[in-house]
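Summary of structural features
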Amino acid sequence: MGHIFSFISAGDRRVFLILNRRLQCLLLDIVMQIFTQMGSLMFVAILAMFFYFSGCRNLVELSGQLIAVLLISQVFVQVIKRMVNRPRPFRVLENAIAKRPPTCKYSFPSGHTSAAFCIAFALSSGIPGLSFVFFSLASMVGVSRIYLGAHYPTDVLVGYFTAYASFLLNARFFLG
């Protein structure tokens, strides 16, 4: 079991360093900051309020689903962060580049990625024709978190799974 964990950890660091160190440039610094904001709780709150006050019944329903899925996922994220206590890569790897480092010291899982995929799952359930766009944008939020030095790839992967599990729980227990 130790060999598997070591293998995954080494791969995690390698992919992190490729995205975080080798791709650095001014254009990506700007683009990745924009993408990362699409996974912030503020962005989700503004999006949900916009839908709620739109007056369109379908968007009002989507806002409720979005908030429910987000709340479930953030409970998962915060509990897992405190259970695992994984330090952020910029705190551990001496050659990591941190752009606007987060104040929370725990890395695993990525809350921004989870929030972005909560948006993608909720919106895709209501507007399936745009699913590819929603999931592409959410994926870019995950990549941005690695690029900016805040998360390892496995943090992002588990952020995706917390969103998916939250979406399924919401669909099973709260929507019907």
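Residues numbered from 1 in each chain as written. Predicted model: local features only at pLDDT ≥ 70, side-chain atom pairs only at ≥ 80, totals over all residues. Heavy atoms only, no water.

With that settled, the discussion passes to helix α3 (residues 41-52). Counting along an α-helix, one turn takes 3.6 residues, and residues three or four places apart therefore face a common direction. Taking 1.5 Å of rise per residue, 12 residues should cover 16 Å, and α3 covers 16 Å from first to last C-alpha, within 8% of that figure. Buried-residue contacts for α3 involve α4 (57-84) and α6 (111-126). (Helix = DSSP H or I, 4+ residues; strand = E, 2+ residues; numbered from the N terminus. Expected span 1.5 Å × (residues − 1). Contact = heavy atoms within 4.5 Å.)

Once that is clear, we can look at the pattern of salt bridges. In the structure shown here, the tally under the stated rule is 4 salt bridges. With a closest N to O distance of 3.0 Å, Lys-99 and Asp-29 form a salt bridge. Taken as a pair, Lys-99 in the loop between α5 (89-92) and α6 and Asp-29 in helix α2 (residues 26-37) lie far apart in primary sequence, 70 residues in all. Accessibility expressed as a relative area gives 24% for Lys-99, which makes it partly exposed. Residue Asp-155 pairs with Arg-86 through a salt bridge whose shortest N-O separation is 2.8 Å. (Salt bridge = Lys/Arg side-chain N within 4 Å of Asp/Glu carboxyl O. Buried < 20%, exposed > 50% of the residue type's maximum accessible area, 1.4 Å probe, protein only.)

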